[in-house]
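Single-letter residue listing:
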Amino acid sequence: MANLVILSGNLGNDPELRHTKSGRDVAVFDIATTETWQGSSGKEKHTEWTRIEVWGGLAKACAEYLQKGSRVLATGKLHTNQWETDGEKKFAKVVRASEVEFLDSKN
């Protein structure tokens, strides 16, 4: 089985560009994907928030050209980040995007 995630949505925040100790660029941002359907009481919708992580030159481009509200199409792999805080293990699911299409015409 392949690990492939494709999401289209809007950024909920400006991308945050960071640099690793080894000098690699990484940008993170959240996108909202909204599903709308006709329910028994009228139009209903549900929004999911997903953390997107991009590396290298793509991280720099995302930080430069994207902003809160930008529409994107992100393709990548689901990944679990792990860290420890005060002796407690923490986990978070992210999409490590290998491609990000900027869908707004202004970008």
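Residues numbered from 1 in each chain as written. Predicted model: local features only at pLDDT ≥ 70, side-chain atom pairs only at ≥ 80, totals over all residues. Heavy atoms only, no water.

What counts here: UniProt positions are given in the numbering used here, feature names are shortened, and annotations may be inferred rather than shown by experiment.
Looking up the protein chain in an unreviewed UniProt entry gives the name Single-stranded DNA-binding protein, with the organism given as Desulfosarcina ovata subsp. sediminis. As its UniProt record puts it under Subunit (unreviewed entry), the protein chain is described as follows: "Homotetramer."

### Focus on the environment of Gly69
Note the following rule: A run of H or I in DSSP counts as a helix once it spans at least four residues, and a run of E counts as a strand once it spans at least two, with each numbered from the N terminus. Residue contacts are counted whenever heavy atoms from the two residues lie within 4.5 Å of one another.
Along the chain, Gly69 turns up in the loop between helix 1 (57-65) and strand 5 (71-85). Sequence spacing of Gly69 and Gly12 is 57 residues, and the spatial spacing of their C-alpha atoms is 6.1 Å. Excluding its chain neighbours within four sequence positions, the residues that come into contact with Gly69 are Asn10, Leu11 and Asp104.

### Some thoughts on the layout of surface pockets
Rule in force here: A cavity here means a set of points on a 1 Å grid, drawn over the protein atoms and nothing else, where a 1.4 Å probe fits but cannot get out; a pocket is an open set with protein on both sides within 12 Å along at least five of seven lines, and a residue lines either one if it has an atom within 4 Å of a point. Grid points are joined across faces, edges and corners, and a volume is the space filled by probe spheres set on the points. Here the term charged refers only to Asp, Glu, Lys and Arg, the term nonpolar to Ala, Val, Leu, Ile, Met, Phe, Trp, Tyr, Cys and Pro, and the term polar to all other amino acids, Gly among them.
Space inside the largest pocket adds up to approximately 150 Å³. Taken together, Arg18, Val26, Val28, Arg51, Glu53, Trp55, Asn81, Trp83, Ala92, Val94 and Arg96 make up the full set of residues lining the largest pocket. Taken together, the elements giving at least two residues each to the lining of the largest pocket come down to strand 3 (25-39), strand 4 (42-55), strand 5 and strand 6 (88-102). In the lining of the largest pocket, the residues fall into 6 nonpolar, 1 polar and 4 charged.

### Some words on unusual backbone geometry
Here Asp86, not a glycine, exhibits a phi torsion of approximately 50°, which is positive. Looking at the element boundaries, Asp86 is found in the loop between strand 5 and strand 6.

### Overview of the pairing of strand 4
In regular strands, side chains alternate between the two faces of the sheet. Note the threshold: Whether two strands pair comes down to DSSP finding at least two bridges between them.
Where strand 3 and strand 4 come together, 14 bridges link them in antiparallel fashion. The partner of Ala27 across the bridge, within strand 4, is Val54. Hairpin geometry of strand 3 and strand 4 is characterised by an intervening segment of 2 residues between the two adjacent antiparallel strands.

### Some remarks on the pattern of salt bridges
A pair can form between side chains of opposite charge whenever their charged atoms are brought close. Quick note on the threshold: Any carboxyl oxygen of Asp or Glu that lies within 4 Å of a side-chain nitrogen of Lys or Arg is treated as forming a salt bridge with it. Relative accessibility under 20% of the residue-type maximum defines a buried residue, over 50% an exposed one, and the middle range a partly exposed one, all with a 1.4 Å probe and only protein chains included.
With the rule as written, the count across this model stands at 5 salt bridges. Between Arg18 and Glu16 there is a salt bridge, with the nearest N and O atoms lying 2.8 Å from each other. Looking at Arg18, the relative accessible area reads 40%, which means it is partly exposed. Relative accessible area serves as the criterion here: at 41%, Glu16 is assigned to the partly exposed category.

### Quick word on the environment of Glu35
Residue placement: Glu35 occurs in strand 3. The exposure class assigned to Glu35 is exposed, which follows from its relative accessible area of 51%. A sequence separation of 33 residues divides Glu35 from Ala2, and the C-alpha atoms of the two residues are 24 Å apart. The residues contacting Glu35, other than those within four sequence positions of it, are Glu44, Lys45 and His46.

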